[in-house]
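Structural overview for review
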Amino acid sequence: MKNLVMTLVFAASSLVNGLAGNVESKFAYNVEKDGEQITSQTVYQIEESKYLKQHLKYEFQYDAANRLIQKEAWKWNAGAQTYEHYYCLNYHYADDEVTLEYALWNEKAEAYDAANEKAVYQLEAGNVNYFAFEWNRHLQDWNLMVSHDTWAAQEVQLLTEK
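Before going further, it helps to examine the pairing of strand E4 (residues 68-77). Pairing geometry for strand E3 (residues 51-62) and E4, over seven bridges, is antiparallel. When the sheet's bridge partners are listed, Lys57 is paired in E4 with Trp74. Counting the residues between successive antiparallel strands, the hairpin from E3 to E4 contains five residues, one of them, Asn66, with a positive phi of roughly 65°. In this sheet, strand E5 (residues 82-94) lies alongside E4 in antiparallel orientation, the contact comprising eight bridges.

Let's shift gears to the side chain of Thr99. Residue placement: Thr99 occurs in strand E6 (residues 97-106). Leave out the neighbours within four places in its chain, and Thr99 touches Asn90, Tyr91, His92, Lys118, Ala119 and Val120.

Judged by nonpolar contacts, the single largest core of 13 residues is most densely connected at Val43, Tyr58, Tyr87, Leu89, Tyr91 and Leu100. Sorting the residues of this core by element identifies E3, E4, E5 and strand E8 (117-124) as the ones contributing at least two each. Not counting the four nearest positions on each side in its chain, Leu100 is found in contact with Leu89, Asn90, Tyr91, Glu117, Lys118 and Ala119.

Attention now moves to the packing of aromatic side chains. Within the structure shown, the criterion is met by six aromatic pairs. Where Tyr87 meets Tyr102, the ring centres are 5.4 Å apart and the plane angle is 45°; that geometry is what we call tilted. Separated by 15 residues along the polypeptide, Tyr87 in strand E5 and Tyr102 in strand E6 bring together distant segments of the chain. In this structure Tyr87 comes out as buried when scored by relative accessible area, which is 7%. Note on Trp135 and Trp142: the rings are 5.1 Å apart at their centroids and 70° apart in plane angle, and the pair reads as edge-to-face. With a relative accessible area of 31%, Trp135 lands in the partly exposed category. You can call Trp142 partly exposed: its relative accessible area is 22%. Here a set of aromatic residues connected by ring pairs shows up, and it is made of Tyr86, Tyr87 and Tyr102. One Lys or Arg, Lys118, reaches over the ring of Phe133 and ends 5.3 Å from the middle of that ring.

Rules used in this analysis
Residues numbered from 1 in each chain as written. Predicted model: local features only at pLDDT ≥ 70, side-chain atom pairs only at ≥ 80, totals over all residues. Heavy atoms only, no water. Pairing = 2+ DSSP bridges. Helix = DSSP H or I, 4+ residues; strand = E, 2+ residues; numbered from the N terminus. Contact = heavy atoms within 4.5 Å. Core = buried A, V, L, I, M, F, W, Y, C linked by side-chain atoms within 4.5 Å. Buried < 20%, exposed > 50% of the residue type's maximum accessible area, 1.4 Å probe, protein only. Phe/Tyr/Trp six-rings, centres within 6.5 Å; stacked < 30°, edge-to-face > 60°. Lys NZ or Arg CZ within 6 Å of the ring centre and 35° of its normal.

Structure representation (structure tokens):
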């Protein structure tokens with residue numbers, strides 16, 4: 001069951017990359033591992049079908065149970081010829097729930113801002129429920145923006161009458 005939740009979390013992460021324009025045919029990837037764990041991934045833009053241009057870099061951290069707890073994104077600054085902080089995804093685990101918090105880098109403060117968006121994946125009776133929240137500064141509380149219920153594969157019987 002927890003594998004299903006983690007699969008959905010990684011799928012959501014992939015969706016974010018896809019929506020950001022990271023189409024696989026236009027990008028090349030270099031992955032660094034420590035055993036089975038991915039520690040970093042560098043994304044290069046492919047130009048003229050033969051040149052690699054630095055684009056993004058991700059760094060991953062895991063807890064003692066080998067679960068992903070942080071994905072930090074860095075974007076390439078061509079002028080400074082270095083990677084700069086971009087955003088951070090923090091993962092929090094409970095018995096039947098995974099919470100994913102999104103925080104942007106604040107250049108003035110030289111730190112990540114408090115999370116302003118989060119997604120919650122709940123596993124309940126074989127179903128996965130998804131909730132997306134946005135932080136409301138005025139109310140100092142989370143506003144529910146989207147909720148989806150996903151049902152696990154169930155046996156379906158179709159009946160017809162003659």
